[in-house]
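Here's the letter readout for the chains.
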Amino acid sequence: MEGVKSVRQTDHKTLEWVAEIGKQERTWRAEITNQTPDRRVAWKSIDGAENAGAVLFTPIALDRTRVTMRMDADPEGFVENVGDKLGFLERRVKGDLGRFKAFVESRGAPTGAWRGEIHGDDVTPDKDGPGRPTIDEPVSR
């Protein structure tokens, strides 16, 4: 993802993000509020840059999936507010979705190790996989 320096998953629900926005480094933690494998992932920030959203995966054919993303972000400071008004965030997200599509199609197989479910505070571990999530893939730019 453009601008993202790193994402580290510290437990089933918590992600630590580091990104460069307008030549400034921003860090925040986000909590996964809803996860249904192959269907939906939703999150909200719990500190740092305020944001929330959801990504939906809808099968439309045997080898095709529609990916829909909704995201709310609260720009901080003059530079981020001007960038938001000029549509920079929307264009960046659309570009990231295009890169995500190319990444997934080039892999040919799932990359995630943890396929449990999260619904609010209810975490149901993956019955067939490891006990905690692992993220070993470098962030792609």
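Here, the structure is the one placed above.
Residues numbered from 1 in each chain as written. Predicted model: local features only at pLDDT ≥ 70, side-chain atom pairs only at ≥ 80, totals over all residues. Heavy atoms only, no water.

Asker: Which residues make up the overall build of the chain, and what values do they have?
Answerer: If you tally the helices and strands in the chain, you get two helices and eight strands. In the chain, the order of α-helices and β-strands from amino to carboxyl end is β-β-β-β-β-β-α-α-β-β. The buried share of the chain, reckoned over its 141 residues, is 24%. Pairs at least 24 residues apart make up 32% of the contacts formed inside the chain by residues separated by at least 6 positions. As displayed, the chain has an accessible area near 9600 Å², and 53% of this comes from carbon and sulfur atoms. (Helix = DSSP H or I, 4+ residues; strand = E, 2+ residues; numbered from the N terminus. Buried < 20%, exposed > 50% of the residue type's maximum accessible area, 1.4 Å probe, protein only. Contact = heavy atoms within 4.5 Å. Areas by Shrake-Rupley, 256 points an atom, 1.4 Å probe, with all protein chains shown as cover.)

Asker: Outline the pairing of strand E1 (residues 4–9), listing residues and values.
Answerer: As paired strands, E1 and strand E2 (residues 14–21) are joined by five bridges and run antiparallel to one another. Considered in E2, the bridge of valine 7 is made with tryptophan 17. (Pairing = 2+ DSSP bridges.)

Asker: So what's going on with unusual backbone geometry? Residues and values would help.
Answerer: Positive phi is not limited to glycine here, since aspartate 38 has a value of about 65°. Mapped onto the secondary structure, aspartate 38 falls in the loop between strand E3 (24–36) and strand E4 (40–48). Under the relative-accessibility criterion, aspartate 38 is labelled exposed at 53%.

Asker: I'd love a proper account of the environment of asparagine 81, names of residues and values included.
Answerer: Mapped onto the elements of the fold, asparagine 81 is located in helix H1 (residues 77–85). What asparagine 81 contacts, discounting residues up to four positions off in sequence, is Pro75 and Glu76.

Asker: How would you sum up the packing of aromatic side chains? Please name residues and give values.
Answerer: The geometry of an aromatic ring pair comes down to the distance between the two centres and the angle between the two planes. Enumeration according to the criterion identifies two aromatic pairs in this entry. Centroid distance tryptophan 17 to tryptophan 28: 5.6 Å. Interplanar angle 5°. Geometry classified as stacked. Here tryptophan 28 lies in strand E3 and tryptophan 17 lies in strand E2, a separation of 11 residues in the sequence. The residues tryptophan 17 and tryptophan 28 share a single accessibility class, namely buried. On the numbers, 6.5 Å between centres and 55° between planes, the contact of phenylalanine 57 with phenylalanine 100 is tilted. Here phenylalanine 100 lies in helix H2 (residues 88–107) and phenylalanine 57 lies in strand E5 (residues 51–61), a separation of 43 residues in the sequence. On the basis of relative accessibility, which here comes to 22%, the residue phenylalanine 57 falls in the partly exposed class. (Phe/Tyr/Trp six-rings, centres within 6.5 Å; stacked < 30°, edge-to-face > 60°.)

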